[in-house]
Amino acid sequence: MHSEPITFLYNKYNFKLATIKKIVFGKSYVAVMLMNGNIGLSANLYDIKNMNINELQKPNFTNSGHRNILSAYYNAVFNNKKEYSLKSDIFNLIDFKKYPNLVMIGFSEPIYKKLIAINIKPFVFDYSSDNKVVISQTKQAKYLKKADSVLLTSTSVLNNTFFDIVKNTKIECDIFMFGPSTFMSKDFFRYKNIKGLFGTVFNSGDNDVIKLIEEGQGNRYLKKKGKKVALLNNF
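The present account deals with the structure reproduced in this document. (Residues numbered from 1 in each chain as written. Predicted model: local features only at pLDDT ≥ 70, side-chain atom pairs only at ≥ 80, totals over all residues. Heavy atoms only, no water.)

This next bit is on the sheet that holds strand β1 (residues 20-25). Spatial ordering of the open sheet is given by β1-β2-β3, a layout of 3 strands whose pairing is antiparallel. Two strands close off the open sheet at either side, each with one partner strand: β1 and β3 (39-43). Across the sheet, the mean angle separating the axes of adjacent strands is 15° when strand polarity is ignored. As judged from the 5 bridges shared by β1 and strand β2 (residues 29-34), these two strands associate in the antiparallel manner. Paired with Val-24 across the strands is Ala-31, a residue of β2. Contacting β1, β2 and β3, helix α2 (residues 64-78) runs over the sheet at an angle of about 145° to β3. (Pairing = 2+ DSSP bridges. Helix = DSSP H or I, 4+ residues; strand = E, 2+ residues; numbered from the N terminus. Axes fitted to C-alpha atoms, helices over the stretch in contact; angles between N-to-C directions. Contact = heavy atoms within 4.5 Å.)

Here it is, written out as structure tokens:
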């Protein structure tokens with residue numbers, strides 16, 4: 001079994017501080033812009049407002065701030081490598097009707113509404129949401145063991161819950177990672193049951209994206225600036 005994703009990516013690709021042009025801490029996201037213009041995002045789950053990035057010369061993989069910046073950094077590195085093969089919405093590529101037991105980890109209201117519209121009601125878990133459709137975290141492992149498919153927010157990598165979630169799924173389960181902080185890297189296909197990555201790519205050097213993040217804007221505004229992309233694992 002491979003180490004958790006951020007540690008794995010660091011060990012494989014290292015972390016090159018000199019390639020970073022700018023780091024921005026917004027209310028919703030942390031963004032990294034590389035010297036080549038590539039932009040990567042990471043959800044600002046811990047409300048980090050600033051950090052001395054020189055600390056990352058020797059990253060602490062249990063430090064929330066370090067994980068935030070490393071997550072945004074690798075997002076920037078991979079999400080412009082063009083290895084993703086498709087530019088499409090998840091509903092154009094995946095037939096969710098074939099999954100009797102669908103679990104969503106990380107409540108996405110737009111995706112949830114689209115599923116309900118086609119008569120699919122997923123079992124939703126999200127420790128940070130108080131929406132009435134969200135099920136108690138204490139039941140998550142039980143539902144995962146029965147799931148035919150899991151829609152997994154990519155913030156699970158950042159908050160280091162990814163490993164346990166994936167481990168709890170049965171062998172015949174298709175996991176699809178989603179969200180603007182999704183790493184578009186085939187390295188994720190090394191992990192159990194990961195069948196698809198659905199993320200966002202921004203135009204190189206787009207300062208409007210950086211400005212929106214500085215203003216504290218979320219995905220509602222950022223999605224207008226990005227392109228949805230997908231990478232499937234022989235699916």
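Here the narrative resumes.
Below, the discussion takes up the pairing of strand β8 (residues 194-202). Every other side chain in a regular strand lies on the same face of the sheet, so the side chains alternate between the two faces. Across the 9 residues of β8, 8 count as buried, placing the element largely inside the fold. Here strand β7 (residues 174-178) runs beside β8; their pairing, made up of 4 bridges, is parallel. Looking across to β8, one finds that Ile-175 is bridged to Ile-194. Pairing of β8 with strand β9 (residues 226-232) involves 7 bridges; the strand directions are antiparallel. Bridge assignment links Phe-202 to a residue of β9, and that residue is Gly-226. (Buried < 20%, exposed > 50% of the residue type's maximum accessible area, 1.4 Å probe, protein only.)

What follows deals with helix α8 (residues 207-214). Among the residues of α8, Val-209, Ile-210, Leu-212 and Ile-213 are the ones counted as buried. Down the axis of α8, the smallest arc covering the buried residues is 160°, so these residues share one side. In this fold, the buried residues of α8 make contact with β1, β2, β3, β8 and α9 (219-222). The opening residue of α8, the one whose side-chain oxygen lies 3.0 Å from the backbone nitrogen of Asp-208, is Asp-206. Once α8 finishes, Gly-216 follows within two positions and takes phi at roughly 85°, a positive value. (Arc of directions from axis to C-beta. Polar contact = N/O pair within 3.5 Å; in protein donor to acceptor, adjacent residues only side chain to side chain.)

To continue, consider the pattern of salt bridges. Applying the stated rule across the entire model yields 12 salt bridges. We note a salt bridge from Arg-67 to Glu-4, for which the minimum N-O separation is 2.9 Å. Of this pair, Arg-67 sits in helix α2 while Glu-4 sits in the segment before α1 (5-13); the two residues are 63 residues apart in sequence, bridging distant segments of the chain. In this structure Arg-67 comes out as buried when scored by relative accessible area, which is 3%. Lys-228 is the partner of Asp-89 in a salt bridge, and the nearest nitrogen-oxygen pair spans 2.9 Å. (Salt bridge = Lys/Arg side-chain N within 4 Å of Asp/Glu carboxyl O.)

By size, the foremost hydrophobic cluster in this structure holds 48 residues, and its most contacted members are Phe-15, Tyr-74, Val-150, Leu-152, Phe-162, Phe-188 and Ile-194. For this core, the leading source of residues is α2, giving 7 residues. Excluding residues that lie within four positions of it along the chain, Val-150 makes contacts with Leu-102, Val-103, Ile-105, Leu-144, Thr-169, Cys-173, Asp-174, Ile-175 and Phe-176. In this structure, Tyr-99, Phe-176, Phe-178 and Ala-230 belong to the second largest nonpolar core, which totals 18 residues. (Core = buried A, V, L, I, M, F, W, Y, C linked by side-chain atoms within 4.5 Å.)

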